[in-house]
Amino acid sequence: MPPTAVLFDFDGVIADSENYHVAAWQRTLVRMGWELSDEAAAVAVQMDDREFAAELFARRGLAEADVDGWVRKKQELTVEMIRLHPRVYPGVPELLHALKGRAKVAVVSTTWRENVEAFLQAAGLADAVAAVVAKEDVKVLKPAPDGYLKALKKLKASASKAVVVE
């Protein structure tokens, strides 16, 4: 029996987005006169932006840094880069469009909703996705199932008839 819902991860599955985050952190921190190597910035890809910034500032002895403000600046740059050049993995547009009318599609991500929605719009894929569940939509991020359960609820779909692509 074919699935009635397909839930996709975003970063690394639909979007080739690692470079956006690395470059955005580098460009953001240049404003402070800091140079951040590709390797040091790549650590941010595996961490929450606030954790990354807080650790970075703490290592530099800046206990009073405006972490949220710098994260906002980084996020603005990330979205700008996504809108200018959405990097979609090969075959993803065809797959998403082939699922249209056959299964409900959701994106479940640990990144910000703004990133996902900007990317889907810029890549011409927004109409292929019925729901987005992002980091601000759940209390506990993946690997906890909260995001997937919320997506199933939004799609009015059963877990037993869903497929997850991670």
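You'll find the structure just up there.
Quick look at the overall build of the protein
Step number 1: Looking only at helices and strands, one finds 7 helices and 4 strands in the protein.
Step number 2: The C-alpha atoms of the protein give a radius of gyration of 17 Å, which matches the 15 Å a tight globule of 166 residues would have.
Step number 3: Per-residue burial over the protein gives 43% buried out of 166 residues.
Step number 4: Counting only contacts in the protein whose residues sit at least 6 apart along the sequence, the fraction spanning at least 24 positions is 71%.

Let's talk about the nonpolar core
Step number 1: Core analysis: the biggest nonpolar cluster contains 27 residues, and Phe8, Phe10, Ile14, Leu96, Val107, Phe119 and Leu120 have the highest contact counts within it.
Step number 2: Elements represented by at least two residues in this core include exactly strand S1 (5–8), helix H1 (18–30), helix H4 (67–84), helix H5 (92–99), strand S2 (104–108) and helix H6 (113–122).
Step number 3: Other than its neighbours up to four places away in sequence, Val107 contacts Phe8, Phe10, Ile14, Val116, Leu120, Val129, Ala131, Val132 and Val133.
Step number 4: One finds Val22, Leu29, Ala53 and Val71 within the second-largest nonpolar core, a separate group that totals 14 residues.

As for the pairing of S2
Step number 1: Burial within S2 is extensive, with 4 of its 5 residues counted as buried.
Step number 2: The pairing of S1 with S2 spans 4 bridges and is classified as parallel. Counted as the bridge partner of Leu7 is Ala106 from S2.
Step number 3: As judged from the 3 bridges shared by S2 and strand S3 (residues 131–133), these two strands associate in the parallel manner. Considered in S3, the bridge of Val108 is made with Val133.

Describing unusual backbone geometry
The bulk of non-glycine residues show a negative phi, and the bulk of peptide bonds are trans.
Step number 1: Note that the residue after Lys142, namely Pro143, is joined by a cis bond; omega there is 20 degrees.
Step number 2: Among the secondary structure elements, Pro143 is positioned in the loop between S3 and helix H7 (146–155).
Step number 3: If you check the backbone angles, Lys156 has positive phi at about 55 degrees while not being a glycine.

With respect to H7
Step number 1: Looking at H7, one finds that the buried residues are Gly147, Tyr148, Ala151, Leu152 and Leu155. Taken down its axis, H7 places every buried residue within 135 degrees of arc, on the same side. Looking at H7, the residues exposed on the side facing more than 90 degrees away from the buried face are Leu149 and Lys153.
Step number 2: For H7, the secondary structure elements touched by its buried residues are S1, S2, S3 and strand S4 (162–165).
Step number 3: The positive-phi residue at the C-terminal boundary of H7 is Lys156, with phi of around 55 degrees.

What to know about the environment of Lys100
Step number 1: For Lys100, the position within the fold is in the loop between H5 and S2.
Step number 2: Between the alpha carbons of Lys100 and Tyr20 there is a distance of 28 Å; along the sequence they are 80 residues apart.

So, the sheet that holds S2
Sheet strands pair via backbone hydrogen bonds, and the direction of the pair is either parallel or antiparallel.
Step number 1: In spatial order, the strands read S3-S2-S1-S4; together these 4 strands make up an open sheet with parallel pairing. Both edges of this open sheet fall to S3 and S4, since each of them pairs with a single strand only. On average, adjacent strands in this sheet sit at an angle of 20 degrees to one another, irrespective of strand direction.
Step number 2: For S1 and S4, the ladder comprises 4 bridges, and the chain directions are parallel. For Ala5, the partnering residue across the bridge sits in S4 and is Ala162.
Step number 3: In the packing of H5 onto the sheet, the strands contacted are S1 and S2, and the crossing angle to S1 comes to about 155 degrees.

The rules behind the values
The written sequence of each chain sets the order in which its residues are numbered from 1. The predicted nature of this model means local features are confined to residues of pLDDT at least 70 and side-chain atom pairs, given and counted, to a pLDDT of 80 or more, with totals for whole chains, interfaces and linings taken over all residues. As a rule here, side-chain values cover all heavy atoms of the structure and leave hydrogens and water aside. The helix count covers DSSP runs of H or I at least four residues long, the strand count covers runs of E at least two residues long, and both are numbered beginning at the N terminus. Atoms counted for the radius of gyration: C-alpha only. Globule rule: 2.2 Å times residue count to the power 0.38. With a 1.4 Å probe rolled over the protein chains alone, any residue whose accessible area is under 20% of its type maximum counts as buried; one over 50% counts as exposed, and the rest are partly exposed. Whether two residues are in contact is decided by their heavy atoms, any of which lying within 4.5 Å being enough. Here, the term nonpolar core denotes a set of buried Ala, Val, Leu, Ile, Met, Phe, Trp, Tyr and Cys residues that are joined through side-chain atoms within 4.5 Å. When DSSP finds two or more bridges between two strands, those strands count as paired. The directions from the helix axis to the C-beta atoms form the arc being described. What counts as an axis is a line fitted to C-alpha atoms, over the stretch in contact for a helix, and the angles between N-to-C directions run from 0 to 180 degrees.

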